[in-house]
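Residue-level structure breakdown
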Amino acid sequence: MKIELNRLNDAVHFEAAAPSSTVKVHIDGSPEIGGEGLGVRPMELVLMALGSCSAFDLISILKKQRQEIQDFSVSVEADRADAIPAVFTNIRMNFKLKGNIDQAKAEKAAELAVKKYCSVHDMLAAGGVKIDYAIDIEPAT
């Protein structure tokens, strides 16, 4: 796996690309280091990686269980250490599903998705980050 990161201006605005996609990701720093709000910050990318990694696996497992997903979202919040480097200490994910979804199957699928299959989770947890998650299911309409 490889990415390329190229600086786009005299501040800290970068564009990231990977050979696996034509999509470009814009990354920027905080205003304190010259960021101009032209992209997401690196630590936000880590949360996006955790949320999407877990979501991919959760959706895949639920589909294999023939659960009918009408809508899906995940929100991810984190606390950071006060010291430098300001690493994550606690992360909370909330999966919001809508559809004909059995609660017990969703809970088991989330446990597998987050704790067994998501490599981003494992890397963060190995570094001492506490990661919790919850599932909210809205009935199908």
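First things first, this report covers the structure right here in the doc.

Here is what the cut-offs are and how they apply
- Here, residues in each chain are numbered from 1, in the same order as that chain's written sequence.
- Residues qualify for local features only when their pLDDT is at least 70, as the model is predicted, and side-chain atom pairs are given and counted only at 80 or more; totals for whole chains, interfaces and linings, by contrast, use all residues.
- Values shown for side chains rest on all heavy atoms present in the structure; no hydrogens or waters enter the calculation.
- Only runs of H or I of at least four residues qualify as helices and only runs of E of at least two qualify as strands under DSSP, and these elements are numbered from the N terminus.
- Note on classification: 1.4 Å probe, protein chains only; a residue is buried when its accessible area is under 20% of the maximum for its type, exposed when over 50%, partly exposed between these limits.
- Each accessible area is a Shrake-Rupley result for a 1.4 Å probe, and residues are judged covered by the shown protein chains and nothing else.
- Only four residue types enter the charge count, namely Lys and Arg as positive and Asp and Glu as negative; His and the chain termini do not.
- Lys charges are placed at NZ, Arg charges at CZ, Asp charges at CG and Glu charges at CD.
- Following DSSP output, two strands are said to pair if at least two bridges run between them.
- With axes taken as lines fitted to C-alpha atoms, and helix axes fitted only over the stretch in contact, angles between N-to-C directions fall between 0 and 180 degrees.
- We call two N or O atoms a polar contact when they sit within 3.5 Å, provided that within protein one can donate a hydrogen and the other can accept it, with sequence-adjacent residues counted only if both atoms are side-chain atoms.
- In this analysis, two residues are considered to be in contact whenever any of their non-hydrogen atoms come within 4.5 Å of each other.
- Take a side-chain nitrogen of Lys or Arg and a carboxyl oxygen of Asp or Glu: if they are within 4 Å of each other, that pair is a salt bridge.

On to the overall build of the chain. When helices and strands are counted, the chain shows 3 helices and 6 strands. Secondary structure elements in the chain, listed N-terminal to C-terminal, are β-β-β-α-β-β-α-α-β. The dimensions of the chain, computed from C-alpha atoms along their principal axes, are 50 × 35 × 30 Å. Counting across all 141 residues of the chain, residues that qualify as buried make up 28%. A total accessible area of about 9,000 Å² is found for the chain, and carbon and sulfur atoms account for 54% of it. For the chain, the separation between the mean place of its 16 positive charges and that of its 20 negative charges on side chains is 7 Å.

Before going further, it helps to spend a moment on the sheet that holds strand 1 (residues 4-7). Spatially, the 3 strands line up as an open sheet ordered 1-2-3, and their pairing is antiparallel. Single-partner strands in this sheet number two, and they are strand 1 and strand 3 (25-27). Pairs of neighbouring strands in the sheet enclose a mean axial angle of 25°, with direction left out of account. In this structure, strand 1 lies alongside strand 2 (residues 14-17), joined through 4 bridges in antiparallel fashion. Among the inter-strand pairings, Asn6 is bridged to a residue of strand 2, identified as Glu15.

On to the side chain of Asn94, then. Note on placement: Asn94 falls in strand 5 (residues 88-100). When its relative accessible area of 18% is taken as the criterion, Asn94 is described as buried. For Asn94, the side chain forms a polar contact with the side chain of Asp136, separated by 3.1 Å. Excluding residues that lie within four positions of it along the chain, Asn94 makes contacts with Ser73, Val74, Ser75, Ala134, Ile135 and Asp136.

Our focus in this paragraph is the pattern of salt bridges. Counted under the stated rule, the structure contains 4 salt bridges. Salt-bridge contacts for Glu138 lead to Lys98; the nearest nitrogen and oxygen are separated by 3.9 Å. Here the residue Glu138 occupies a position in strand 6 (residues 130-139), and Lys98 occupies one in strand 5, the gap between them amounting to 40 residues. Residue Lys130 pairs with Asp132 through a salt bridge whose shortest N-O separation is 2.7 Å.

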